[in-house]
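The chain contents come next:
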Amino acid sequence: MDVHEYQAKEILSGFGVEVPPGALAYSPEQAAYRARELGGDKWVVKAQVHAGGRGKAGGVKLCDSDHAIQEACESMFGRKLVTHQTGPEGKGIYRVYVEAAVPIEREFYLGLVMDRSSQRVMIVASAEGGMEIEEISAEKPDSIVRSTVEPAVGLQDFQAREIAFELGIEPGLVSQVVRTLQGCYRAFSELDATMVEINPLVVTGDDRVIALDAKMTFDYNALFRHPQISELRDKSQEDPRESRAADRGLSYVGLDGNIGCIVNGAGLAMATMDTIMLAGGAPANFLDIGGGATPERVAKAFRLVMSDKNVQAVLVNIFAGINRCDWVAEGLVQALNEVQVDVPVIARLAGTNVEEGQRILSKSGLPIIRAGTLMEAAERAVVAWQNDLTQATRMRAVK
Ligand code: GDP
Ligand code: MN
């Protein structure tokens, strides 16, 4: 789960990371008022969206007057900010963060991620701040400092000092960098984060080390341990299809293709998507309905998949191990009678009681296209989708 920059900053500041003074606003007037409260004569107005790259997209504006703040806000509120991380549809701006501007002397990149190969938290840093890490690794790979943390002992001060030295931090500022690294690591591990990124971490003209930007992502599966973090969820920043699914306890990821997928088990769902691609189609979603595919869950899944207007065929792939195909078939029939499904449905059932399941499907009289193997199912789904396309084209031509 992602959180906003201002939320990440508040969290990190609780762990000793220094951030600029700032305040949140929901309107241009409030933003100007917040700036007056903060004092000073230069401020930065920052669109709060769950994406980076805001600076280049007009989502971060340096202002030196009340008027400039209002103007910056007018250009943000109610708009969608499109950055290279949001996708073409962009993300809505409903909150801005107003901060006292910081005089930047040097910019650094700092990130903490889970490194799967070493199974440790990895600290990634570079003296080439201000650029995205992808750019840094493409253009200045040698500037990247990597260091993994031994979980049993946590981040050691000497290790943090080593990172600071490798970044070329002057001796007088090392202790501040160590405090920042320690704060980020403690926030990461204590709050079950999967990513902490400060880009840029800056050194100011008056020798302070400040997190100018902050991004945090949390592990969904650990949110139950951190109610104060789950409260920070902002559905306006999520794919509406995915929020709906999460609210219904289904694990769904929206994709760009046209073949909807309803599958039990994450691995089988991945294999189903691969097979659809192999057969020349493209999946509209990843969806794992879980092990106990009850009629209610199957119906919920159909509603969710059909709410995506791009879906032109639905592939149901159920492997019944603990489950039973006859139950799943009954669920399928019930769901198709309940939910309006006006695209071809392809079903592949395998496992326990498969014959009984097939009998239920044929007896139902529903136009379900059946398949014996996953490859067959994928091929039929692709054919059904292509036929549907030609029909749609034909109908448009007639009109
Ligand atoms: P991002 O583009 O979404 O990563 O947003 P950032 O918070 O990183 O801001 C983008 C850029 O705006 C930064 O890299 C800085 O160069 C600049 N910026 C942000 N805050 C300040 C500030 O307080 N002072 C100055 N001088 N520049 C700032
Ligand atoms: Mn940034």
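Residues numbered from 1 in each chain as written. Chains lettered and ligands numbered in written order. Predicted model: local features only at pLDDT ≥ 70, side-chain atom pairs only at ≥ 80, totals over all residues. Heavy atoms only, no water.

Novice: Please set out the sheet that holds strand β3 (residues 60–63) residue by residue, giving values where relevant.
Specialist: Sheet strands associate in pairs through backbone hydrogen bonding, adopting either a parallel or an antiparallel arrangement. One open sheet holds the four strands; their spatial order is β1-β6-β2-β3, and the pairing between them is antiparallel. Among the strands making up the open sheet, the edge pair consists of β1 (22–25) and β3. If you compare each strand with its neighbour and ignore which way they point, the axes differ by 20 degrees on average. Against the sheet, helix α2 (residues 28–38) engages β1, β2 (43–47) and β6 (96–100), with an angle of about 165 degrees to β1. (Pairing = 2+ DSSP bridges. Helix = DSSP H or I, 4+ residues; strand = E, 2+ residues; numbered from the N terminus. Axes fitted to C-alpha atoms, helices over the stretch in contact; angles between N-to-C directions. Contact = heavy atoms within 4.5 Å.)

Novice: If you had to explain the nonpolar core to someone new, which residues and values would you point to?
Specialist: Ranked by internal contacts, the top residues of the largest apolar core, which has 44 residues, are L12, L110, L112, M216 and F218. For this core, the leading source of residues is helix α6 (residues 174–190), giving eight residues. In this view, L110 contacts I123, V124, A125, T180, L181, C184, V196, E197, I198 and L201; residues no more than four positions away in its chain are not counted. With 35 residues, the next largest nonpolar core counts L287, V311, I318 and V354 among its residues. (Core = buried A, V, L, I, M, F, W, Y, C linked by side-chain atoms within 4.5 Å. Buried < 20%, exposed > 50% of the residue type's maximum accessible area, 1.4 Å probe, protein only.)

Novice: Let's hear about the site of ligand 1: which residues, and what values?
Specialist: Neighbouring ligand 1 are 15 residues; K46, R54, G55, V102 and D213 lie closest to it. For ligand 1, an oxygen atom lies 3.1 Å from a polar atom in the backbone of N199. Of all the elements in the fold, those that place two or more residues in the shell around ligand 1 are β2, β7 (104–115) and β10 (193–204). The residue inventory of the shell around ligand 1, partitioned by class, reads seven nonpolar, four polar and four charged. (Near = heavy atom within 4 Å. Polar contact = N/O pair within 3.5 Å; in protein donor to acceptor, adjacent residues only side chain to side chain. Nonpolar A, V, L, I, M, F, W, Y, C, P; charged D, E, K, R; others polar.)

Novice: Residues and numbers for the pattern of salt bridges, please.
Specialist: Pairing of side chains with opposite charge becomes possible as their charged atoms draw close. Applying the stated criterion to the full structure yields 22 salt bridges. Among the salt bridges present, the one from R95 reaches D234, with a minimum N-O distance of 3.6 Å. Highlighted residues: R95 in the loop between β5 (91–92) and β6 and D234 in the loop between α7 (227–230) and α8 (240–247), separated in sequence by 139 residues. With respect to burial, R95 and D234 carry one shared label: buried. Across the pair R241 and D308 runs a salt bridge whose closest N-O atoms are separated by 2.7 Å. One end of the pair, R241, is in helix α8; the other, D308, is in the loop between α10 (295–306) and β16 (313–320), and 67 residues separate them in sequence. Across the pair, exposure class does not vary: R241 and D308 are buried alike. Salt bridges here are not isolated pairs; linked through shared partners, they connect E5, K9, K46, R54, E99 and D213. (Salt bridge = Lys/Arg side-chain N within 4 Å of Asp/Glu carboxyl O.)

Novice: So what about the side chain of Q159? Which residues, and what values?
Specialist: Tracing the chain through its elements places Q159 in helix α5 (residues 157–166). Only 2.9 Å separates the side chain of Q159 from the side chain of S147, close enough to count as a polar contact. Excluding residues that lie within four positions of it along the chain, Q159 makes contacts with S147, T148, V149 and G154.

Novice: Pulling in residues and values, what's your account of the pairing of strand β13 (residues 251–254)?
Specialist: Alternating residues of β13 divide into Y252 and G254, all buried, and S251 and V253, none buried. Where β13 lies against strand β15 (residues 285–288), four bridges are found, and the strand directions are antiparallel. Note on β15: the bridge partner recorded for S251 is D288.

Novice: Tell me about the packing of aromatic side chains, and please be specific about residues and values.
Specialist: By the definition in use, this model includes one aromatic pair. The interplanar angle of 35 degrees and the centroid separation of 6.0 Å between the aromatic rings of Y6 and Y97 together place this pair among those described as tilted. Of this pair, Y6 sits in helix α1 (residues 5–14) while Y97 is found in strand β6, placing the two residues 91 residues apart along the sequence. Across the pair, exposure class does not vary: Y6 and Y97 are buried alike. (Phe/Tyr/Trp six-rings, centres within 6.5 Å; stacked < 30°, edge-to-face > 60°.)

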